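# Topology and contacts: notes
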Amino acid sequence: MSKLEKAYLQLTSAAYNTMPGAPDSRVCILVTVLYLCLLLSVPLDHLSQIIWFALYPVITSAIIGIRYSKIFIASLFIIPLLALIGIFNPIFDTRPLFRIGNIVISNGWVTFTSIIFRGLFALQSVLILIRAVSFEGLCRGLRRLGIPAFLTDQLLFVFRYISVLLMETITVRRAIDSRGYGKKHLPIRLWGRIVGQLFIRTLDRADKIHQAMLARGFSGTLPEGYGVRSKLNSSDLIFLIGWSGALILMRVYNISALLFHN
């Protein structure tokens, strides 16, 4: 299986597959938004407080039935970007903060580490949200929460046509491989033709999909309640209230400082 085919399978899986043990999509969205707001509001020099926010992705992935190791590995790609954002903190902020043996740790290194952890935890929470309710469920939940339909529908369409573009790319790639006689690299002069053919094929496929939607009664707005429960059950409320209270406590109180003080 090629890399393009693996990417297509992962994309379609993220679009439609939901976890059986996941709460309602609206609950997952609200808790994730609250988590991101509280996590990003913690000052960068409060590293010990930020660490406690790791409990949410670890525990939630276990509740939903997702292996946290997969979420953690999937989030590592963002580390270079986060390191680029905070790389100058240790250089310009050299105020000593604490000492470990003979090593003095400056405030710049603490804030640099906080940027790494905050970025990782934030991305992991979003990955868990997508894995739990799928991208389609996410858009449906946003609509039920009051987001205008034209925004959520556009998100669904963009995500759908990305998979169409990827599938046509796989088809073109197979055609090139079957006619390439073992050649792995194509001349540069052929890339313009290939991109043009890919663009035309994608537009043609998208037009056929649109015609099929119109034939099935599409009037410009997708069905509102498909895939979303009308009412929240007791487990949804427990998840919402429990995590909301826990996250607020982690933001209001520095648990590490309280434990160390005691």
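For the rest of this paragraph, the subject is the packing of helix α6 (residues 79-86) against helix α8 (residues 107-144). Contact geometry of α6 with α8 gives a least axis separation of 9 Å together with a crossing angle of 145°. Crossing angle aside, the handedness with which α6 passes α8 is right-handed. Contacts from I79, L82, A83, I85 and G86 of α6 reach α8 at F112, I115, I116, G119 and L120. Broken down by class, the residue content of the contact of α6 with α8 amounts to eight nonpolar, two polar and no charged.

Axis separation between helix α2 (residues 25-41) and helix α11 (residues 234-252) bottoms out at 10 Å; the angle between their running directions is 5°. It follows that α2 is roughly parallel to α11 by the angle criterion. Between α2 and α11, the residues in contact are V27, L30, V31, L34, Y35, L38 and S41 and D236, F239, L240, W243, S244, L247, I248 and R251, respectively. Residues of the contact of α2 with α11, tallied by class, amount to eleven nonpolar, two polar and two charged.

To continue, consider the packing of aromatic side chains. Taken as a whole and judged by the stated rule, the model has seven aromatic pairs. With 6.2 Å between their ring centres and 40° between their planes, Y68 and F72 make a pair best called tilted. One end of the pair, Y68, and the other, F72, are both in helix α5 (residues 68-75), four residues apart, so they sit about a helical turn from each other. Relative accessible area serves as the criterion here: at 35%, F72 is assigned to the partly exposed category. Geometrically, the ring pair formed by F88 and F92 is tilted, given 6.1 Å between the ring centres and 40° between the ring planes. On the basis of relative accessible area, F92 is assigned to the exposed category, the value being 68%. Of the aromatic side chains, those joined through ring pairs into one cluster are Y35, F53, Y56 and W243.

Procedures and definitions
Residue indices follow the written sequence of each chain, beginning from 1 at its first position. Given that the model is predicted, a residue must reach a pLDDT of at least 70 before its local features are reported, and side-chain atom pairs must reach 80 or more before they are shown or counted; all residues, however, enter totals for whole chains, interfaces and linings. To obtain the side-chain values, all non-hydrogen atoms of the structure were included, while hydrogens and water were left out. Angles here are taken between N-to-C directions and fall from 0 to 180 degrees, while the axes themselves are lines fitted to C-alpha atoms, restricted in helices to the stretch in contact. What counts as a helix is a DSSP run of H or I of at least four residues, what counts as a strand is a run of E of at least two, and both are numbered from the N terminus. Take the far helix as the reference: if the near one is turned anticlockwise from it by less than a right angle, the crossing is left-handed, and if turned clockwise, right-handed. Pairs of residues are marked as contacts when any of their non-hydrogen atoms sit within 4.5 Å. All amino acids are sorted into three groups, where Ala, Val, Leu, Ile, Met, Phe, Trp, Tyr, Cys and Pro are nonpolar, Asp, Glu, Lys and Arg are charged, and the leftover types, Gly among them, are polar. In these notes the angle categories are as follows: under 35 degrees is roughly parallel, over 145 is roughly antiparallel, 65 to 115 is roughly perpendicular, and the rest is oblique. Between rings of Phe, Tyr and Trp, where Trp is taken as its six-membered ring, a pair exists when centres lie within 6.5 Å; planes separated by under 30 degrees are stacked, by over 60 edge-to-face, and by other angles tilted. For every residue, the accessible area obtained with a 1.4 Å probe (protein chains only) is divided by the maximum for its type, and the residue is called buried under 20%, exposed over 50%, and partly exposed between those limits.

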